[in-house]
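# Structural characterization, general
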Amino acid sequence: MSEPHGTKEAAYDVIVLGAGPVGQNVADRARAAGLSVAVVERELVGGECSYWACVPSKALLRPVIAVADARRVDGARQAVTGPLDTEGVFARRDRYVTDWDDTGQAQGVKSIGADLFRGHGRLDGPRRVTVTRDDGSRQVLTARHAVAVATGSRPVLPDIPGIDEARPWTNRHGTDSSTVPARLAVVGGGGVGVEMATLWQGLGSRVTLLARRRLLPRMEPFVGDLVAQGLTGAGVDVRIGVQVRALRRPDPTGPVTLTLDDGGELEAEEVLFATGRTPATDDIGLDSVGLTPGSWLDVDTTCLVHGVDGDWLYALGDVNHRALLTHQGKYQARTAGDAIGARAAGRPLDDAAWGDHATTADQHAVPQVFFTDPEAGSVGLTADQAAAAGHRIRTVDLDFNAAQGANLYADGYRGHGRLVVDLDREVLLGVTFVGPGVSELLHSATVAVAGEVPLKRLRHAIACFPTVSEIWLFLLAAYQRDRDTPQTASA
Ligand SMILES: Cc1cc2nc3c(=O)[nH]c(=O)nc-3n(C[C@H](O)[C@H](O)[C@H](O)COP(=O)(O)OP(=O)(O)OC[C@H]3O[C@@H](n4cnc5c(N)ncnc54)[C@H](O)[C@@H]3O)c2cc1C
Ligand SMILES: NC(=O)c1ccc[n+]([C@@H]2O[C@H](COP(=O)([O-])OP(=O)(O)OC[C@H]3O[C@@H](n4cnc5c(N)ncnc54)[C@H](O)[C@@H]3O)[C@@H](O)[C@H]2O)c1
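The rules behind these values
- Residues numbered from 1 in each chain as written.
- Chains lettered and ligands numbered in written order.
- Predicted model: local features only at pLDDT ≥ 70, side-chain atom pairs only at ≥ 80, totals over all residues.
- Near = placed C-beta within 6 Å.
- Helix = DSSP H or I, 4+ residues; strand = E, 2+ residues; numbered from the N terminus.
- Nonpolar A, V, L, I, M, F, W, Y, C, P; charged D, E, K, R; others polar.
- Expected span 1.5 Å × (residues − 1).
- Buried ≥ 20, exposed ≤ 12 C-beta atoms within 10 Å, placed from the backbone.
- UniProt positions renumbered as here; feature names shortened; annotations may be inferred.
- Contact = placed C-beta atoms within 7 Å.
- Pairing = 2+ DSSP bridges.
- Domains from an automatic or database assignment.
- Axes fitted to C-alpha atoms, helices over the stretch in contact; angles between N-to-C directions.

## Details of the site of ligand 2
- Surrounding ligand 2, one finds 22 residues, the nearest of these being Gly 188, Gly 190, Gly 191, Val 192 and Leu 324.
- The set of elements that each furnish at least two residues to the shell around ligand 2 consists of helix H7 (191-202) and strand E17 (367-370).
- In terms of residue class, the shell around ligand 2 is built from 10 nonpolar, nine polar and three charged.

## Some words on H7
- Taking 1.5 Å per residue as the helical rise, H7 with its 12 residues ought to reach 16 Å, and the 17 Å between its terminal C-alpha atoms agrees with that figure.
- By the criterion of burial, H7 is predominantly enclosed, with 12 of the 12 residues buried.
- By the burial criterion, the buried members of H7 are Gly 191, Val 192, Gly 193, Val 194, Glu 195, Met 196, Ala 197, Thr 198, Leu 199, Trp 200, Gln 201 and Gly 202.
- Within two residues after H7, Gly 204 carries a phi angle of roughly 120°, on the positive side.

## Describing the UniProt feature "binding site: NAD(+)" (unreviewed entry) in the protein chain
- Sequence positions flagged by UniProt for "binding site: NAD(+)" (unreviewed entry) are, in local numbering, Gly 188, Gly 189, Gly 190, Gly 191, Val 192, Gly 193, Val 194, Glu 195 and Gly 276. The greatest C-alpha distance among the residues just named is 13.7 Å, despite their covering 89 residues of sequence, which places them together in space.
- Along the chain, Val 192 turns up in helix H7.
- Summarising the element assignment, Glu 195 is placed in helix H7.
- Looking at Glu 195, the number of C-beta atoms within 10 Å reads 25, which means it is buried.
- Those residues in contact with Glu 195 that lie beyond four places of it in its chain are Ser 57, Leu 61, Phe 370, Phe 371 and Thr 372.

## Concerning the UniProt feature "binding site: FAD" (unreviewed entry) in the protein chain
- Taken from the UniProt record, the annotation "binding site: FAD" (unreviewed entry) applies to Lys 58, Gly 121, Thr 151, Gly 152, Ser 153 and Asp 318. With the annotated positions falling across 261 residues, the maximum pairwise C-alpha distance of 29.9 Å shows that they are not confined to a single cluster.
- The topology assignment puts Lys 58 in helix H3 (residues 54-71).
- Overall, the presence of 18 C-beta atoms within 10 Å leaves Lys 58 in the partly exposed class.
- On the secondary structure map, Gly 152 appears in the loop between strand E6 (138-149) and strand E7 (153-155).
- Assessed through the 26 C-beta atoms surrounding it within 10 Å, Gly 152 is described here as buried.
- Discounting residues that sit within four places of it in the chain, Gly 152 has contacts with Gly 18, Gly 20, Gly 47, Glu 48, Ala 280, Gly 317, Asp 318 and Val 319.

## Considering unusual backbone geometry
- Pro 374 follows Asp 373 through a cis peptide bond whose omega is 5°.
- Across the junction of Phe 465 and Pro 466, the peptide omega takes the value -5°, indicating a cis bond.
- Within the fold, Pro 466 resides in the loop between helix H14 (455-458) and helix H15 (471-482).
- With phi around 65°, His 321 is a residue other than glycine that occupies positive phi space.

## Here we look at the pairing of strand E4 (residues 120-123)
- The two faces of E4 differ: Gly 121 and Leu 123 on one face are buried, but His 120 and Arg 122 on the other face are not.
- Across four bridges, the pairing between E4 and strand E5 (residues 128-132) is antiparallel. Its bridge partner being in E5, His 120 is matched across the sheet by Thr 132.
- Between the end of E4 and the start of E5, which pair antiparallel, lie four residues, with Gly 125 showing a positive phi angle near 90°.

## Notes on the pairing of strand E18 (residues 375-380)
- Counting buried residues along E18, six of its six residues qualify, which places the element largely inside the surrounding structure.
- Relative to E18, E17 is paired through four bridges, and the arrangement is antiparallel. Its bridge partner lying in E18, Val 369 is registered against Gly 377.
- Linking two consecutive strands that pair antiparallel, namely E17 and E18, is a turn of four residues.
- Across six bridges, the pairing between E18 and strand E21 (residues 427-435) is antiparallel. Considered in E21, the bridge of Ser 378 is made with Thr 432.

## Thoughts on the site of ligand 1
- Inspection of the region around ligand 1 gives 36 residues, with Gly 18, Gly 20, Gly 47, Gly 152 and Gly 317 positioned closest.
- Secondary-structure elements contributing two or more residues to the shell around ligand 1 are helix H1 (21-32), strand E2 (37-41), helix H2 (47-52), H3, E4, helix H6 (171-176) and helix H9 (326-345).
- Across the shell around ligand 1, the residue classes tally to 15 nonpolar, 15 polar and six charged.
- Built from parts of two domains, the shell around ligand 1 gets at least three residues from each of domain 1 (9-46 + 102-154 + 279-361) and domain 2 (163-275).

## Here's the deal with the sheet that holds strand E13 (residues 265-268)
- Across the sheet, three strands lie side by side as E11-E12-E13; this open sheet has antiparallel pairing. Each having just a single partner strand, strand E11 (244-248) and E13 make up the two edges of the open sheet. Along the sheet, successive strands turn relative to each other by an average axial angle of 20°, direction set aside.
- Direction of pairing for strand E12 (residues 256-260) relative to E13: antiparallel, over a ladder of four bridges. Note on E13: the bridge partner recorded for Thr 259 is Glu 265.

## Notes on the sheet that holds strand E8 (residues 183-187)
- Pairing is parallel in the open sheet, where four strands are placed in the order E10-E9-E8-E14. This sheet does not close on itself; its edge strands, each paired only once, are strand E10 (237-240) and strand E14 (270-273). Taking the axes of each pair of neighbouring strands and ignoring which way they run, one obtains an average angle of 15° across the sheet.
- Across the sheet, H7 lies against E8, strand E9 (206-211) and E14, angled at about 170° from E9, the strand it touches most.

## Notes on the domain arrangement of the protein chain
- Assigned domains within the protein chain: domain 1 (9-46 + 102-154 + 279-361), domain 2 (163-275) and domain 3 (374-482).
- On a C-alpha basis, the centres of domain 1 and domain 3 stand 36 Å from each other.

## Observations regarding the environment of Pro 83
- Looking at the secondary structure, you find Pro 83 in the loop between H3 and helix H4 (86-96).
- Residue classification places Pro 83 among the exposed positions, given that 10 C-beta atoms sit within 10 Å.
- Residues Pro 83 and Leu 203, spaced 120 residues apart in sequence, show a C-alpha to C-alpha distance of 8.0 Å.

Spelled out as structure tokens, the structure:
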């Protein structure tokens, strides 16, 4: 279907604002329910994820981690005789982001039978969206059943002196640059900060990572410690408890100088801020439906926005602030798309916990992997979160080198795993793994947590010998051994 132009007003069953991974998925589900769908995109179909976040960062990180993995294997280590071929790495990234050309993904939207409108979408009262094209012309769209907001998020820059003059990188240049700065300062110890430090150090920058508290603070404390050790081992100067007070770049072609709160100064060719995200909701007409522009959108289990009458406004992905992750946003999109279809057809909703129209996993089983060296993955609750939620828990901790499969995978394998067990139901509330290759191990934990698989049954899920997954055997055995001993059962 070609782009419909010139129409003054067009009516659809569903309008989707934003064609990132989340917007595309809700459009697909609404079409599968037989509804007509308009998708509005102001930049590139595929969103931040495809062009400046998940995809390019992982395309760039994979060669760094592949070489680190080879160096952990006797015999293979000797074959790694030089630095990474940065041109080859950038070319790989360019292939995965299709040279920032969205023709293929735009075709994908059209192939599901949705109409794509290019331009900036804004709500203009209930069930009504105005699309402003680059040439200033406008198109009005109306929605019979639903408007789904999937406009994503943008990086936040702190308000400190010299921030504009410094022309800092964010995730955008952090993923689209084809030049390796000799020195790079990375500010922020969350997911973006640790992955950017890993990849640019791996590509040859001398990276300094400045974090005001421990790395990856939302994960179990041992994660940040092990990731910090890995970064330090790779040559990154990791400084915890340090803040940037001011920046200056008096010569636009010269280096940037950071003034730190410990009294020191740091000079680098570039500075990258990875200090969190803000929702892309400041200019989408939220005030026209009684909501506050720039706010995260608070939603129910079907992703309907609270505080809007008539059950028509949905918010999915980063904008609802539940879990700023592509896979979790796509899960919300599938669930909400099906709920939109059911509501439109007048069918009852299956929105009780774990029902087809409930995003229950958002509360209980969010999986996340950071592609650092070592990799870090977790699902569900940390021990502190579980205890704060009132669960009676026991934690089981183990180093991976207990498993022969881990040692065969990497000589002298270093890694750590933790189970958080709900003692009343004997199911897992949370699992965390840190170590080489754990990204592919995490899904087993996600199945166990989301499935609330009883530990008594989980011991029958046997890991193949000799794989890294054998860590499960040792963790479960350690739990069984300790079960009746008076360990720390916290409420
Ligand atoms: C460096 C980095 C690495 C990451 N790595 C991972 C990872 O490995 N795995 C993972 O799960 N998550 C990762 N994330 C998070 C992930 O990128 C986001 O959770 C994901 O992009 C959210 O998808 P979305 O569709 O909600 O938003 P987006 O991908 O941001 O897409 C939103 C779309 O809406 C469009 N839009 C916005 N406003 C309007 C408007 N008014 N009108 C029309 N269109 C509009 C935008 O142009 C954009 O195309 C990473 C994030 C960063 C920054
Ligand atoms: N592999 C993945 O799945 C992946 C990778 C990267 C990012 N992400 C997601 O993208 C989202 C955004 O990541 P992020 O790292 O930008 O945000 P974040 O909120 O996870 O981390 C930002 C960090 O910056 C720190 N910070 C904030 N202001 C600061 C300041 N002025 N000075 C120093 N430090 C400051 C915060 O304390 C925090 O630790 C996250 O939710 C993350 O989960 C996912």
